[in-house]
Amino acid sequence: MNIRQILDTIKKPFGKGEKFEKYAPAVNAFDTFLFVPNHTTKHGAHIRDAVDLKRTMITVIIALLPALFYGIYNTGYQYYSQLGTAFSTMDAVIHGSLKIVPMIAVSYIVGLAIEFAFAIFRGHEVNEGYLVTGLLIPMIMPVDIPLWMVGVSVAFAVLIGKEAFGGTGMNILNPALTARAFAFFAYPTYMSGNKVWVSEASNVDGVSGETILGMLASGESSIPYDVSQMFYGGIPGSIAETSTFMVLIGALILIYTGVGSWRIMIGSVIGAAVTGLLFNLWGANELMSFNWFNHLIVGGFAFGVVFMATDPVSAAQTTKGKWIYGILVGLFCILIRVFNPAYPEGVMLAILLMNVFAPTIDHYVIEANIKRRVNRKIKSNLNVA
Amino acid sequence: MSNDIRVKNGLSINLKGAPENIVKKAPFPKTVSINPSDFHLITPKMVVKVGDKVSAGDVVFFSKKNPEIKFCSPVSGEILDIVRGAKRRILEILINCDEKQIAISHKTSGFNKFSKNQILETLLNSGCWPFIKQRPYDIIADPKDSPKSIFISTLNTAPISADFEIVLNEQKEEFITGITALKKLTEGDLNICVEKNHNLFINEIDNVKIHNISGVHPAGNVGVQIHHIDPVNSGEKVWVVGAEDVALIGKLFLTGEYNPTRTIAVSGPPVKYPQYYKTIVGSSLSEIIKDAGIDTDLNLRFINGDVLTGRSVEKDNYLGFYNNTLSVLREGNHYRMFGWIPFINNAVPSIYKTSFSWLFPNKKYDLDTNLNGEERAFVVTGEMEDVFPMDIFPMQLLKECMSGNIEKMENLGIYEVAPEDFALIDYSSSSKIEAQKIIRDGLDLMISEVG
């Protein structure tokens, strides 16, 4: 018996009209993970592209891996280098893995359990979107956040952020950022300040970690990191956001395969660069005079723009809308950083804000199209008359 | 006069089994069929009974809603069967062909001086009217309308479909006569769309507008051409006629007889001798399938039409009324282990560069009918626009069709589209959205609500 036959035997009680038919989506999720199903075209085009949602989502995960691996290493690196003890790369990776792998496991277990429950309850197949969301959530958290908080944030994001709106494809806000925003406002002591960004900073005296943006917000002008550290990511911050270089590798994968929208990414960079440049000219506080280029490579800007702002469900959906949406994400990110000392990092709130406005942007882009059509009709009627 | 249009947003899919430049005469069929499902929304009212003798051109049924529109027998013979389905719906009318063919004759001499009404009457009575379809809605035209223009597309960009240069090769006189007759039906332009750098005789035709089209599929779709040349506004009608159908109309006026021959391209990866056959509309497929060297023991799908828009038929069924292509594909009811992993399975091309298929732009693919995934909610955006060369928002229009919001559908341009324009969206959708079906249902809703 080969694997296929074994699977078919297992699936039998879940088939149509059988005893456990209700639970079929759960079994199908595992089955279609192993095998692309034997479904053939019934309506419409008789041939179909090789791409499906599984493949798109896995491509995003592949794009996330460089940033994730660097985040694991950087977690250990920040801890040991601040302690001042000698350590090898392996030590850093082990320290990081012990912290981060459990977070990923909690995120997937809690999130997928809810997804499966809803799929069975609503009688649809399990959607693949959570494979990405579930990995994103731990990657944008501070490393020392307790596991139960990860679990609660995930549950909030999936239940309130996604399923309450009708499930995959219907949500207004990016679910991963919803999880982070929930944790940010529910457990502020674990999500901000100068004691959360480096592993064990709140327990071990020798370790203190503040993000660059945090230092700038509190008025410090001497930053102990140079531009190359900011770019390659040897700085404190949320787990996977620090290395702009690794994020750029992910961005190239997304743009090259066509899975991520380059318009949103480029638009955001333009928006942030121009806003940063204008504030450089003004220069009223430390964050305003922080070089516009450095604004692009510190904090979560790069990670947020590449992996969160491009979420196709919550972003603008029209081509023109994507440009406007991207530029505004960049603009608001810098605005929030500069003007709001309580939130030294603005990218999360900027993206969530633009998520809310994305349908409005699309509405006006589509209205313009409708207007063209109406005008064309008026013109055509004039010609006849 | 000629204008150039270049279509950039779209996709040309390279498949194995493109028809070769050979035209064979198929043996005269023993049986032919008329299949009402070829005529969307037409409810047939039968004129003949089983066992009746008919000549070629005798009325078999007419449209219940519009009795002027008649459907005629393509051959002379005996009505073999009227196949009915649930609620006595007529599925198919089978006609046994006589050895000696006779046709009824219509008065067409001096058609050059015919008035518009005489042309209309001749087309309606002869059974040639169903060749004329209308936009909006992609249904058979209403003879009471006066169209603002007529469009004929003489290029076909769908994968492995019939090349009209070969189809029309020996039908020059008939085609030009057909154009002369059709010209009288509109006060507007008669537009003929040709492939840029074509070898057809179209440039010799006077008093028509000729448009040079280039680019990728769906450049050959007449709906795309209308959108760029003379778009349909609400309340307007544009008529469209297939390229070979123009020649069939021409033949009617030249000979006075309804003789719907069809040059059909038999194509597809499992076809041993992909080539053209001259046969009759609705003729049985079995002789052609045998001659083209198709192994019928394999699990195959036969498609009346191209692989993107056609209707699947059984191997012992019959040719459709409109199609110039008979496509054959292998059924894809097999499992692929971990087939969703990017960069592993390169045997299926993709609009995304998630396989290495893009490295070999000239490779010809042997695609089957596997769905390559499962249907999901709308997630990815922007992919539909990449294969949809119109100033219309395809995803938004699809969503409004699904929710049945008539006003929004009208605003977003439902009058300008036909299901075939959404065929590439069917193909490329990562959520496996059945776009053609959604649009067809949307158009039918518009017909019943707006008319």
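Values in this document were obtained by computation on a predicted structure and should not be read as measured data. (Residues numbered from 1 in each chain as written. Chains lettered and ligands numbered in written order. Predicted model: local features only at pLDDT ≥ 70, side-chain atom pairs only at ≥ 80, totals over all residues.)

1. Some words on the overall build of chain B
- In terms of regular secondary structure, chain B is built from ten helices and 21 strands.
- Taken over the C-alpha trace, chain B has a radius of gyration of 22 Å; the compact-globule value for 451 residues is 22 Å, and the two agree within 12%.
- With 451 residues in all, chain B has 53% of them scored as buried.
- Put simply, 69% of the contacts in chain B that link residues at least 6 apart link residues at least 24 apart. (Helix = DSSP H or I, 4+ residues; strand = E, 2+ residues; numbered from the N terminus. Rg over C-alpha atoms; globule rule 2.2 N^0.38 Å. Buried ≥ 20, exposed ≤ 12 C-beta atoms within 10 Å, placed from the backbone. Contact = placed C-beta atoms within 7 Å.)

2. Notes on the overall build of chain A
- Scanning chain A for helices and strands turns up 17 helices and one strand.
- On C-alpha atoms alone, chain A measures out to a radius of gyration of 23 Å, which is about the 21 Å that the 2.2 N^0.38 rule sets for 385 residues.
- Across its three principal axes, chain A shows a C-alpha extent of roughly 75 × 65 × 35 Å.
- Counting the 385 residues in chain A, one finds 51% classified as buried.

3. Comments concerning the pairing of strand β18 (residues 300–304) of chain B
All names here are of chain B.
- Burial runs high along β18: five of the five residues are buried.
- Alternating residues of β18 divide into L300, F302 and N304 and R301 and I303, and every residue in both groups is buried.
- In the sheet, β18 pairs with strand β20 (residues 325–330) via five bridges, with the strands oriented antiparallel. Residue pairing across strands places F302 opposite V328, the latter belonging to β20.
- Across three bridges, β18 lies against strand β19 (residues 311–313) in antiparallel orientation. (Pairing = 2+ DSSP bridges.)

4. Brief notes about the interface of chain A and chain B
- Every contact between the two is made by 50 residues of chain A and, on the other side, 64 residues of chain B.
- Elements with a minimum of two residues in the side of chain A that touches chain B: α2 (24–34), β1 (35–36), α3 (53–83), α11 (244–257) and α17 (347–384) of chain A.
- Classifying every residue of the side of chain A that touches chain B by side-chain character gives 17 nonpolar, 23 polar and ten charged.
- As defined by bridge partners, β1 of chain A adjoins strand β21 (residues 336–337) of chain B across two bridges and the pair is classed as antiparallel. By the bridge assignment, F35 of chain A is partnered in β21 of chain B with M337 of chain B. (Nonpolar A, V, L, I, M, F, W, Y, C, P; charged D, E, K, R; others polar.)

5. Examining the packing of α3 of chain A against helix α5 (residues 129–139) of chain A
Residue and element names in this part refer to chain A.
- Interhelical geometry of α3 versus α5 gives an angle of 15° and a closest axis separation of 9 Å. What the angle tells us is that α3 and α5 run roughly parallel. Between α3 and α5 lies a crossing of left-handed hand. Within the contact between the two elements, α3 uses M57, V60, I61, L64, A67, L68 and G71 and α5 uses G129, L131, V132, L135 and M139.
- Here the contact of α3 with α5 is built from residues that sort into ten nonpolar, two polar and no charged. (Axes fitted to C-alpha atoms, helices over the stretch in contact; angles between N-to-C directions. Parallel < 35°, antiparallel > 145°, perpendicular 65-115°, else oblique. Left-handed = near helix turned anticlockwise from the far one by under 90°.)

6. Section: unusual backbone geometry
Residues and elements named next belong to chain B.
- Each neighbour pair has its own omega, and for R135 with P136 the value is 0°, a cis peptide bond.
- H217 connects to P218 through a cis peptide bond whose omega is 10°.
- Mapped onto the fold, P218 is located in the loop between β14 (209–215) and α4 (222–229).
- Positive phi is not limited to glycine here, since D138 has a value of about 55°.

7. Some remarks on the domain arrangement of chain A
Residue and element names in this part refer to chain A.
- Taken domain by domain, chain A consists of domain 1 (3–34) and domain 2 (53–369).
- One C-alpha centre belongs to domain 1, the other to domain 2, and the line joining them spans 37 Å.
- For the side of domain 1 that touches domain 2, the per-class residue count stands at four nonpolar, one polar and one charged. (Domains from an automatic or database assignment.)

8. A word on helix α16 (residues 319–339) of chain A
- When the terminal C-alpha atoms of α16 of chain A are compared, their 30 Å separation across 21 residues agrees well with the 30 Å that a helix rising 1.5 Å per residue should span.
- By the criterion of burial, α16 of chain A is predominantly enclosed, with 16 of the 21 residues buried. (Expected span 1.5 Å × (residues − 1).)

9. A short note on the sheet that holds strand β16 (residues 261–267) of chain B
Residues and elements named next belong to chain B.
- If you walk across this open sheet you meet the six strands as β2-β17-β16-β20-β18-β19, and the pairing is mixed. Looking at the sheet topology across the chains shown, the edges are occupied by β2 (23–25) and β19. Pairwise comparison of adjacent strand axes, ignoring direction, gives a mean angle of 35° for this sheet.
- Judged from the three bridges that link them, β16 and β20 form a sheet pairing that is parallel. Looking across to β20, one finds that A265 is bridged to T325.

10. Remarks on α4 of chain B
- Across the eight residues of α4 of chain B, six count as buried, placing the element largely inside the fold.
- Listing the buried residues of α4 of chain B in full gives V222, G223, V224, Q225, I226 and H227 of chain B.

11. Notes on the environment of H228 of chain B
Residue and element names in this part refer to chain B.
- By the element assignment, H228 lies in helix α4.
- The partly exposed category is assigned to H228, around which 18 C-beta atoms lie within 10 Å.
- Sequence separation between H228 and P389 is 161 residues; the distance between their C-alpha atoms is 9.3 Å.

12. Thoughts on the nonpolar core
- Counting 229 residues, the largest nonpolar core has Y325, V329 and I351 of chain A together with I249 of chain B as the members making the most contacts within it.
- Of all the elements, α3 of chain A adds the most residues to this core, at twelve residues.
- The contact partners of I351 of chain A, leaving out residues within four places of it in the chain, are N174, L177, G304, M308, A309 and V329 of chain A. (Core = buried A, V, L, I, M, F, W, Y, C linked by C-beta atoms within 7 Å.)

13. A closer look at the pairing of strand β8 (residues 77–84) of chain B
Residue and element names in this part refer to chain B.
- Across two bridges, the pairing between strand β5 (residues 53–54) and β8 is antiparallel. Note on β8: the bridge partner recorded for K53 is E78.
- As defined by bridge partners, β8 adjoins strand β9 (residues 90–97) across seven bridges and the pair is classed as antiparallel. The residue of β9 that forms the bridge with D81 is L94.
- In this structure, the hairpin formed by β8 and β9 is closed by a connection of five residues, where K87 is found at a positive phi of approximately 55°.

14. Quick look at the packing of helix α3 (residues 172–183) of chain B against helix α5 (residues 243–255) of chain B
Residues and elements named next belong to chain B.
- Orientation of α3 relative to α5, taken along the N-to-C sense of each, is 85°, at an axis distance of 6 Å. With respect to α5, the axis of α3 lies roughly perpendicular. Seen from α3, the contacting residues are E174, F175, I176, T177, G178, I179, A181 and L182; seen from α5, they are V246, A247, I249, G250, K251, F253 and L254.
- Grouping the constituent residues of the contact of α3 with α5 by class yields ten nonpolar, three polar and two charged.

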